[in-house]
Amino acid sequence: MKELLKIQLANYVADFKSMPPSATPPAAVPAKPVLTSNQQQVFIESEKAWKAYSESPEGKKDLAAMQDMDLPTLRAYVASLPDKPIFVKLIKWIKSLDLPDSSFTIGITVEAEFIIGFSGTIGIATGIGNSNGAQAAEFLTVAVDIGVQAGAMAGVQFGLWNEAPADLGGSLQGVEIDFGLEVEFSAGFYFNTSGRRGIAITIGTGIEDGISFVEYYTYILGDQGVDPYLKPVVQSRKSNFLIIETLKCVHPSNDGSGDENEVYFTFQADGGTNTVYPYPTYSNFSMKEGQVWACGRSVWFNSSVAVTVYDEDAGNDDDVVGYFSIILSQLKLNESITFHSTKDYSSGFDDVEYTINVKLIAQNVV
């Protein structure tokens, strides 16, 4: 696997790891799903189609080239799969079936180790059933895995999902389940707090003994009919690596809408024209006086990191409530350092104070 692809995927994994844990504990795993005969046949025919494609001259050439692709190139390749004649025929047949699902997905699953072990599925979703038509969406699903192979293309995944393609994003949980079909694959059942979201098989890996429970997050990378703008997530690898461990609200800003702030922050490595990254990427975190947010955001940098904390104000400009300038010389390897805002944002009767804890994890990375 291309090293750049590992770095690009690892940034999404770091973003996912920083999110609050799911509200549904492992004990709440729903009962094993029962597949309809049509759903079973979809997976059987999908396996047959993939076998025929992967053994064809075109498929062999594509799969060999895939080993050296970065994320944008792999996205483009996966997005082209529904246009391959064999998959055009498969999807047309699936759309003709009576299915309770709203999306059919094709994705390439990879496993890698980059500081942490993780897996990712780069995929394309097509509308079926209630979403039958032109709807489609590109997505990336990530999970933190222990004991993964060091940079392997683990297989192709086919899935049937409750939601329309553009609605597949967000948190989900999964368990491996033996569906008892006639092909060799790893089978998964995925759900969120509202119930079942989907079922999927990964061809190229066999199911393991027992049931494994894994947390996932799906990013929608682009879809038809919706603003495709994406806030930046992927950071370039640099010499040093730190984690913004926690953000503490010593005293919130009084914005006239209660006793808490709707907080998010941005960070920029090494100033200049470098990318400014928001976190959380698409949301905020409510904080009251004395509350600590274990944000855990990792940052690649060479010499400095600028962090700006905002109180989100719907309908108005967001208020800055803290600014932090982090210099490499201020940090010690594997030691948490507390930073105070370099500017006092208090005004009049409004006391405002936030602090952050930062830990340098790696230095002079080759």
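Residues numbered from 1 in each chain as written. Predicted model: local features only at pLDDT ≥ 70, side-chain atom pairs only at ≥ 80, totals over all residues. Heavy atoms only, no water.

Draft legend 1. Here's a closer look at the overall build of the chain. Broken down by element type, the chain carries five helices and 18 strands. Taking all 366 residues of the chain together, the buried fraction comes to 49%. Taking the contacts inside the chain whose residues are at least 6 apart along the sequence as the reference set, 73% of them involve residues at least 24 apart. Summed over its atoms, the accessible surface of the chain is roughly 16,900 Å², and 50% of this surface lies on carbon and sulfur atoms. (Helix = DSSP H or I, 4+ residues; strand = E, 2+ residues; numbered from the N terminus. Buried < 20%, exposed > 50% of the residue type's maximum accessible area, 1.4 Å probe, protein only. Contact = heavy atoms within 4.5 Å. Areas by Shrake-Rupley, 256 points an atom, 1.4 Å probe, with all protein chains shown as cover.)

Draft legend 2. Molecular detail of the pairing of strand β11 (residues 276–279). Pairing of strand β10 (residues 260–269) with β11 involves four bridges; the strand directions are antiparallel. When the sheet's bridge partners are listed, F265 is paired in β11 with Y279. Remark: six residues form the turn of the hairpin made by β10 and β11, two consecutive strands paired antiparallel; D270 in that turn has positive phi of roughly 65°. (Pairing = 2+ DSSP bridges.)

Draft legend 3. Fine view of the packing of helix α2 (residues 37–54) against helix α3 (residues 57–66). At a minimum axis separation of 6 Å, α2 and α3 run at an interaxial angle of 85°. In terms of their interaxial angle, α2 and α3 are classed as roughly perpendicular. Residues W50, Y53 and S54 of α2 form the contact with α3, whose participating residues are E58, G59, K60, D62 and L63. Residue composition of the contact of α2 with α3, by class: three nonpolar, two polar and three charged. (Axes fitted to C-alpha atoms, helices over the stretch in contact; angles between N-to-C directions. Parallel < 35°, antiparallel > 145°, perpendicular 65-115°, else oblique. Nonpolar A, V, L, I, M, F, W, Y, C, P; charged D, E, K, R; others polar.)

Draft legend 4. Highlighting the nonpolar core. Residues W50, Y77, F87, F104 and F158 are the most contacted members of the largest nonpolar core, which totals 49 residues. Here this core gets six residues from one element, more than from any other, and that element is helix α1 (residues 3–17). Among the nonpolar cores identified, the runner-up in size contains 29 residues, and F265, A269, F339 and V352 belong to it. (Core = buried A, V, L, I, M, F, W, Y, C linked by side-chain atoms within 4.5 Å.)

Draft legend 5. Spatial organisation of the pairing of strand β15 (residues 304–311). With respect to burial, β15 is a largely interior element, seven of its eight residues being buried. Bridge analysis of β10 against β15 gives seven bridges, and the strand direction is antiparallel. For T266, the partnering residue across the bridge sits in β15 and is T308.

Draft legend 6. Up close: helix α5 (residues 85–95). Of all the positions in α5, only F87, L90, I91 and I94 are classed as buried. Projected onto a plane normal to the axis of α5, the buried residues spread over an arc of 95° and lie on a single side. Of the exposed residues in α5, those oriented more than 90 degrees away from the buried face are P85, K89 and K92. (Arc of directions from axis to C-beta.)

Draft legend 7. Local environment of α1. With 15 residues, α1 should cover 21 Å at 1.5 Å per step; its first-to-last C-alpha distance of 21 Å lies within 8% of that length. For α1, the tally of buried residues reaches 12 of 15 residues, placing the bulk of the element in the interior. Those residues of α1 that fall on the buried side of the exposure criterion are L5, K6, I7, Q8, L9, A10, N11, Y12, V13, A14, D15 and F16. (Expected span 1.5 Å × (residues − 1).)

Draft legend 8. Seen up close, unusual backbone geometry. One non-glycine residue, N334, lies in positive phi territory at about 60°. You can see N334 is positioned in the loop between β16 (319–327) and β17 (336–340). The backbone of N364 sits at a positive phi, close to 55°, despite the residue not being glycine. Here N364 is to be found in the segment after β18 (353–362). Given a relative accessible area of 58%, N364 falls into the exposed group.

Draft legend 9. The packing of α2 against α5, seen in detail. Contact pair α2 / α5: the axes reach a minimum separation of 10 Å and the direction vectors enclose 170°. Judged by the angle between their axes, α2 and α5 are roughly antiparallel. Contacts between α2 and α5 involve Q41, V42, E45, S46, A49, W50, A52 and Y53 from the first element and I86, F87, L90, W93 and I94 from the second.

Draft legend 10. Local environment of the side chain of R197. Relative to the elements of secondary structure, R197 occurs in strand β7 (residues 195–203). At a separation of 3.5 Å, a polar atom in the side chain of R197 contacts the main-chain carbonyl oxygen of D167. (Polar contact = N/O pair within 3.5 Å; in protein donor to acceptor, adjacent residues only side chain to side chain.)

Draft legend 11. Structural context of the packing of aromatic side chains. Under the defined criterion, the tally for this structure stands at 17 aromatic pairs. Here the aromatic rings of W161 and Y190 are separated by 5.5 Å at their centres, their planes lie at 35°, and the arrangement is tilted. Here the residue W161 occupies a position in strand β4 (residues 152–161), and Y190 occupies one in strand β6 (residues 185–192), the gap between them amounting to 29 residues. Judged by its relative accessible area of 9%, Y190 is buried. Measuring from ring centre to ring centre gives 5.1 Å for Y264 and Y310, while their planes differ by 10°; the resulting arrangement is stacked. Of this pair, Y264 sits in strand β10 while Y310 sits in strand β15; the two residues are 46 residues apart in sequence, bridging distant segments of the chain. Judged by its relative accessible area of 13%, Y264 is buried. The rings of W50, Y53, F87, F104 and F158 are connected pair by pair, giving a single aromatic cluster. (Phe/Tyr/Trp six-rings, centres within 6.5 Å; stacked < 30°, edge-to-face > 60°.)

Draft legend 12. Highlighting the confidence of the model for the chain. Per-chain confidence: the chain averages 81 in pLDDT, with 80% of residues scoring 70 or above. Across residues 206–211 the pLDDT falls below 50, and counting only partners more than four positions away or on other chains, this stretch makes 13 contacts in the model. Long-range and interchain partners of residues 224–229, a stretch whose pLDDT sits below 50, account for three contacts in this model, where long-range means more than four residues apart. (pLDDT = per-residue confidence, 0-100.)

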